[in-house]
Amino acid sequence: MDNTDLGVVIPSYLEGANITKLIAAIEQFCPYSKIVVVDDSPGDETVDAVDAMNLESVHTIHRSEKGGRGSAVIEGISWVLSQGCNWVIEMDADFSHPPSQLPELLKEAKAKKLDLLIASRYLPASRIDNWPLSRRIFSKCSNTLARTLLQVPIHDYTNGYRVYSKSAANIVLSTCGRLGKGFIALSEILVNVYYRGLTVGEVPTNFTNRIRGQSSLNSSEITNAFVGLFRILKLKLELVSSEKKKCQIGNR
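Residues numbered from 1 in each chain as written. Predicted model: local features only at pLDDT ≥ 70, side-chain atom pairs only at ≥ 80, totals over all residues. Heavy atoms only, no water.

1. Some remarks on helix H5 (residues 133-150)
Here's step 1: Between its first and last C-alpha atoms H5 spans 25 Å; for 18 residues at 1.5 Å apiece the expected length is 26 Å, and the two agree.
Here's step 2: Taken as a whole, H5 has its buried residues at Ser139, Ser142, Asn143, Ala146, Leu149 and Leu150. All buried residues of H5 fall inside an arc of 135° around its axis, so they share one side. Set apart from the buried face of H5 by more than 90 degrees, the exposed residues are Leu133, Ser134 and Thr148.
Here's step 3: Looking one or two residues past H5, Gln151 carries a phi angle of roughly 60°, positive in sign. (Helix = DSSP H or I, 4+ residues; strand = E, 2+ residues; numbered from the N terminus. Expected span 1.5 Å × (residues − 1). Buried < 20%, exposed > 50% of the residue type's maximum accessible area, 1.4 Å probe, protein only. Arc of directions from axis to C-beta.)

Set out below in structure tokens:
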């Protein structure tokens, strides 16, 4: 498959031990793609490790403070679009998202003409490994609540293993990142893409909880996520109302 129009966005935080192995795996499964690592680490270990690889296809953005996953993804998408990419994949830096699935995800999105494809942890054929029961309960409850309130026909609102078309990526840049800077941005993106009329879908994935590096999820982000969810509900209602008004005007 031709990957010259693919950009891979990797938000990272203290991932110096993982990042070069991940980039090598991406290069193996998606050669010729463009890769950007958006790093919020306080030190230079991650960026230095990437720069030492000396790969023209790989770019690093080192931010001065921890801005959250959502803003990191948005900044990364902006960079890959500036490089002429028509497709964007975001994925975690810690191997919780299998790089071997990259070609399958891109092929599925292109074949079904999807604007946003999510590798879902909550389909019958999906698998979750090495996750404590408390984390499973929190994630499942969060996704159930999001699905109930936001009503996008997707089972996994919060997994960050995703494919975006150029159209979806442009919507992300123009409309997202306003309701929360952490993981809640993943649900904000989904709502903006779906309720603005683009196509979404999901496929099963095998998710492995991180066994290296340091988790970037903390109590503050969890609190912000629940607050942000109700902000996104307000956004959803506004978008639905806006679309109804457009239909009414069109029918006059």
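2. Regarding the packing of aromatic side chains
Here's step 1: Scanning the entire structure with this criterion turns up 2 aromatic pairs.
Here's step 2: An angle of 55° between the planes, with centres 5.1 Å apart, marks the rings of Trp131 and Phe207 as tilted. With a gap of 76 residues between them, Trp131 in the loop between strand S6 (127-129) and H5 and Phe207 in strand S9 (residues 206-208) connect regions that are remote in the sequence. Each of the two residues, Trp131 as well as Phe207, counts as buried. (Phe/Tyr/Trp six-rings, centres within 6.5 Å; stacked < 30°, edge-to-face > 60°.)

3. A closer look at the sheet that holds strand S1 (residues 6-12)
Consider a sheet: its strands pair through backbone hydrogen bonds, and that pairing is either parallel or antiparallel.
Here's step 1: One open sheet holds the 7 strands; their spatial order is S3-S2-S1-S4-S7-S5-S8, and the pairing between them is mixed. Two strands in the sheet have a free side with no partner beyond their single neighbour: strand S3 (58-62) and strand S8 (200-204). For this sheet, the mean angle separating the axes of adjacent strands, direction not counted, is 20°.
Here's step 2: Here 4 bridges tie strand S4 (residues 87-90) to strand S7 (residues 162-165), and the two strands are oriented antiparallel to one another. Within S7, the residue paired with Ile89 across the bridge is Val163. (Pairing = 2+ DSSP bridges. Axes fitted to C-alpha atoms, helices over the stretch in contact; angles between N-to-C directions.)

4. Things to note about the packing of helix H6 (residues 166-175) against helix H7 (residues 184-195)
Here's step 1: The geometry of H6 relative to H7 is characterised by a closest axis approach of 10 Å and an angle of 115° between their N-to-C directions. The two elements H6 and H7 cross, and the hand of that crossing is right-handed. The residues of H7 that touch H6, namely those facing Ala168, Ile171, Val172 and Thr175, are Glu188, Ile189, Asn192 and Val193.
Here's step 2: The residue inventory of the contact of H6 with H7, partitioned by class, reads 5 nonpolar, 2 polar and 1 charged. (Left-handed = near helix turned anticlockwise from the far one by under 90°. Contact = heavy atoms within 4.5 Å. Nonpolar A, V, L, I, M, F, W, Y, C, P; charged D, E, K, R; others polar.)

Bear in mind that shape data such as this cannot, by itself, settle questions of function.
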